[in-house]
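Listed below, chain by chain, are the residues.
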Amino acid sequence: MVGGMRILSRSLRHHKPKASILTENSLTPRPNQWLYQTRRTLILESAPSQSVNLHRLSDSDSGIVEVSLERPQVRNAIGKDMLKGLQNTFDAISNDSSANVLLIRSKVPKVFCAGADLKERKMMSASEVRDFVNKLRAAFTVLEVLPIPTIAVIEGAALGGGLEMALSCDLRICGEDAVLGLPETGLAIIPGAGATQRLPRLVGKSIAKELILTGRKIGGREAMSMGLVNYCVHASEAYLKALEVARNINEKGPIAIRMAKRAIDQGLELDRASALALEEECYEQTLHTKDRLEALAAFAEKRKPRYIGE
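Residue positions within a chain follow its written sequence, with the count starting from 1. Since the coordinates come from a predicted model, pLDDT governs what is reported: local features require at least 70, and pairs of side-chain atoms require 80 or more to be given and counted, while whole-chain, interface and lining totals use all residues. As a rule here, side-chain values come from all non-hydrogen atoms in the structure, and water together with hydrogens is ignored.

(A) Geometry of the overall build of the protein. When its secondary structure is counted, the protein shows 13 helices and 10 strands. Burial here depends on accessible area, computed with a 1.4 Å probe over protein chains only, as a share of the maximum for the residue type. Under 20% is buried, over 50% is exposed, and the range in between is partly exposed. Taken over 310 residues, the protein has a buried fraction of 50%. Using a 1.4 Å probe, accessible areas were evaluated by the Shrake-Rupley method; residue-level cover was limited to the displayed protein chains. Only carbon and sulfur atoms are counted for the fraction: they give 55% of the accessible area of the protein, which is about 15,900 Å². Only runs of H or I of at least four residues qualify as helices and only runs of E of at least two qualify as strands under DSSP, and these elements are numbered from the N terminus.

(B) Layout of the packing of helix H7 (residues 195-203) against helix H8 (residues 205-214). As a rule, the C-alpha atoms of each element are fitted with a line to give its axis, helices using only the stretch in contact, and angles between N-to-C directions run from 0 to 180 degrees. It is at 7 Å that the axes of H7 and H8 come closest, and there the two elements cross at 135°. When the interaxial angle is binned, H7 and H8 end up oblique. Note on packing geometry: the crossing formed by H7 with H8 is right-handed. Contact with H7, carried on its side by Ala195, Thr196, Leu199, Pro200 and Val203, involves Lys205, Ile207, Ala208, Leu211 and Ile212 of H8 and no other residues of that element. Across the contact of H7 with H8, the residue classes break down as eight nonpolar, one polar and one charged. The cut-offs work like this: below 35 degrees is roughly parallel, past 145 is roughly antiparallel, 65 to 115 is roughly perpendicular, and the gaps in between are oblique. If you view the pair so one helix is near and one far, a crossing is left-handed when the near helix is turned anticlockwise from the far one by less than a right angle, and right-handed when it is turned clockwise. Residues count as neighbours in contact if any of their non-hydrogen atoms are within 4.5 Å of one another. Amino acids are sorted into nonpolar (Ala, Val, Leu, Ile, Met, Phe, Trp, Tyr, Cys and Pro), charged (Asp, Glu, Lys and Arg) and polar (every other residue, Gly among them).

(C) View of the environment of Ala152. Mapped onto the fold, Ala152 is located in strand S5 (residues 150-154). Along the chain, Ala152 and Ala166 lie 14 residues apart, while their C-alpha atoms are 5.3 Å from each other. Other than its neighbours up to four places away in sequence, Ala152 contacts Ile104, Phe112, Ala166, Cys169, Leu171, Arg172 and Ile173.

(D) Looking closely at the sheet that holds strand S10 (residues 231-233). If you walk across this open sheet you meet the six strands as S1-S2-S3-S5-S7-S10, and the pairing is mixed. The outermost strands of the open sheet, each flanked by one partner alone, are strand S1 (52-56) and S10. Along the sheet, successive strands turn relative to each other by an average axial angle of 20°, direction set aside. Across three bridges, strand S3 (residues 101-106) lies against S5 in parallel orientation. Among the inter-strand pairings, Leu102 is bridged to a residue of S5, identified as Thr150. Following DSSP output, two strands are said to pair if at least two bridges run between them.

(E) Just the packing of aromatic side chains, in detail. Each pair of aromatic rings taken from Phe, Tyr and Trp, with Trp reduced to its six-membered ring, is defined by centres within 6.5 Å and is described as stacked if the planes are under 30 degrees apart, edge-to-face if over 60, and tilted in the remaining cases. Summed over all chains, the structure comprises zero aromatic pairs. Its guanidinium or amino end placed over the ring of Tyr239, Arg105 lies 3.8 Å from that ring's centre, counting from NZ or CZ. Only when the NZ of Lys or the CZ of Arg is both within 6 Å of the ring centre and within 35 degrees of the ring normal is a charge said to sit over the ring. Here the guanidinium or amino end of Lys241 rests over the ring plane of Tyr231, the centre of that ring lying 4.4 Å away.

(F) Main features of the packing of helix H3 (residues 80-94) against helix H5 (residues 126-144). Where H3 contacts H5, the two axes come as close as 9 Å, and the packing angle between them is 30°. Between H3 and H5, the angle is such that the two are roughly parallel. Considering the relative orientation of H3 and H5, their crossing is left-handed. Contact residues: H3 offers Lys80, Leu83, Leu86, Gln87 and Phe90, while H5 offers Phe132, Lys135, Leu136, Ala139, Phe140, Val142 and Leu143. Residue composition of the contact of H3 with H5, by class: nine nonpolar, one polar and two charged.

(G) Representation of the pairing of strand S7 (residues 171-175) within the structure. Counting buried residues in S7 gives four out of five residues, a clear majority hidden from the surface. For S5 and S7, the ladder comprises four bridges, and the chain directions are parallel. Each bridged residue has a counterpart across the sheet, and for Ile154 the counterpart in S7 is Cys174. Direction of pairing for S7 relative to S10: parallel, over a ladder of three bridges. Bridge pairing in S10 places Cys174 opposite Cys232.

(H) Summary view of the nonpolar core. Among buried residues, the Ala, Val, Leu, Ile, Met, Phe, Trp, Tyr and Cys ones that are joined through side-chain atoms within 4.5 Å form a nonpolar core. Formed by 49 residues in total, the largest nonpolar core has its most connected members in Phe112 and Leu180. It is H5 that contributes the most residues to this core, six residues altogether. By size, the runner-up hydrophobic cluster in this structure holds 16 residues, among which are Ile151, Val233, Ala238 and Ala242.

Put into structure tokens, the structure is as follows:
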């Protein structure tokens, strides 16, 4: 639990620009209430999960980590066990300084994640449902604010909470046979793990409203055309494309990658002047690193740089 709180505490501090960043005429961002709520509601449990596994790649792919969803009997539907697995796994990654890129994939054929486990949900009281959804929202927030780039590998169905998990990642790569949707309004509820906020920021308010209000499912090609996914490739090739992108990122300076993500994510919540000041602050974090000097030396010597994240 301590690790999860630490990453959220760092995020909260970073989301508030320093006093020197804000001018007298700049617009001070509103407090990030959803992050405070996350910090209050995220409760990590140490019991191992049978449905979520963490794997660290090795050799030339060292620095790439994979989270695998493995609950085939219910098409990776998110129940209590999977939620605990996601919480613990994201917490472990947040404390892993050797991790540079994260892939989230399914080991179940033709499905990424079918959403909530409705059979389990049916047995819950209203208060239990509220607690579960709050914890799920908190887990996806931890995923979103991880300092490293995250990639969702979508083959088959990504529905409801499954799509909400993918929306919490930085990049999404799908196969052309993928099916994406938020069917919650058809169940007389709304997406409750972040989609009402993340989807419009990604595809625009009008498209997000249409998808959420109608519950319409879309294919991979349409998802790419509206900017919901970054790449749509042939069926069963999404993982290979995601690994290609992850390797590309993994070759870059680790500190630079983290600072670029921070500048983009947090800058979008600020006015222009404050965001540019944040960019300056993030650039400063790369200026005195050993990796920057290594990059210049490698360029002069016409060789591939060897970054160490320092």
